[in-house]
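What follows is each chain in one-letter form.
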Amino acid sequence: MAKKQRKKIVKERPIATKCHFCETKSIPDYKDYQTLSKFVSDRGRILSRERSAVCAKHQRAMSKEIQRARFLALLPY
Ligand SMILES: [Zn+2]
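Residues numbered from 1 in each chain as written. Predicted model: local features only at pLDDT ≥ 70, side-chain atom pairs only at ≥ 80, totals over all residues.

Draft legend 1. Here's a closer look at the overall build of the chain. Scanning the chain from N- to C-terminus turns up four helices and zero strands. Relative to its full complement of 77 residues, the chain shows a buried share of 18%. Looking at the chain alone, contacts between residues at least 24 apart form 70% of all its contacts between residues at least 6 apart. (Helix = DSSP H or I, 4+ residues; strand = E, 2+ residues; numbered from the N terminus. Buried ≥ 20, exposed ≤ 12 C-beta atoms within 10 Å, placed from the backbone. Contact = placed C-beta atoms within 7 Å.)

Draft legend 2. Main features of unusual backbone geometry. The phi dihedral of Lys-25 is positive, around 55°, even though this residue is not glycine. Relative to the helices and strands, Lys-25 resides in the loop between α1 (20–24) and α2 (33–36). On the basis of neighbour count, Lys-25 is assigned to the exposed category, with 6 C-beta atoms found within 10 Å.

Draft legend 3. Just the nonpolar core, in detail. Listed in full, the nine residues of the largest apolar core are Phe-21, Leu-36, Phe-39, Leu-47, Val-54, Met-62, Ile-66, Ala-69 and Leu-75. The biggest single contributor to this core is helix α4 (residues 56–71), with three residues. Leaving out residues up to four positions away in the same chain, Leu-36 has contacts with Pro-28, Met-62, Glu-65, Ile-66, Ala-69 and Leu-75. (Core = buried A, V, L, I, M, F, W, Y, C linked by C-beta atoms within 7 Å.)

Draft legend 4. Quick peek at the environment of Thr-17. Tracing the backbone through its elements, the reader meets Thr-17 in the segment before α1. Distance from Thr-17 to Arg-51, taken between C-alpha atoms, is 9.1 Å for residues 34 residues apart in sequence.

Draft legend 5. Local environment of the environment of Phe-71. Relative to the helices and strands, Phe-71 resides in helix α4. On a C-alpha basis, the gap between Phe-71 and Tyr-30 in space is 10.0 Å, while along the polypeptide they are 41 residues apart.

Draft legend 6. Layout of the confidence of the model for the chain. Averaged over every residue, the pLDDT of the chain is 87; the share at 70 or more is 84%. When pLDDT is averaged over each element of the chain, α4 comes out on top at 95 and helix α3 (residues 49–52) at the bottom at 89. (pLDDT = per-residue confidence, 0-100.)

Take a look at the structure:
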């Protein structure tokens, strides 16, 4: 009987190593949906902090702004 092949766990690497909003000294804004779309997966989900490398303070603000942009149909649900 063939051995069961284990699924390889591919660790998702962060896009950046530093917080984008701290580096650019900006705050997440729903009007700036082009930048917010970088932190949304292709399925429309908000990326986790491990993947987006955004700090806790900005991640909290970012998710609020993404939800605002979604309501205004700037970003997909
Ligand atoms: Zn930050």
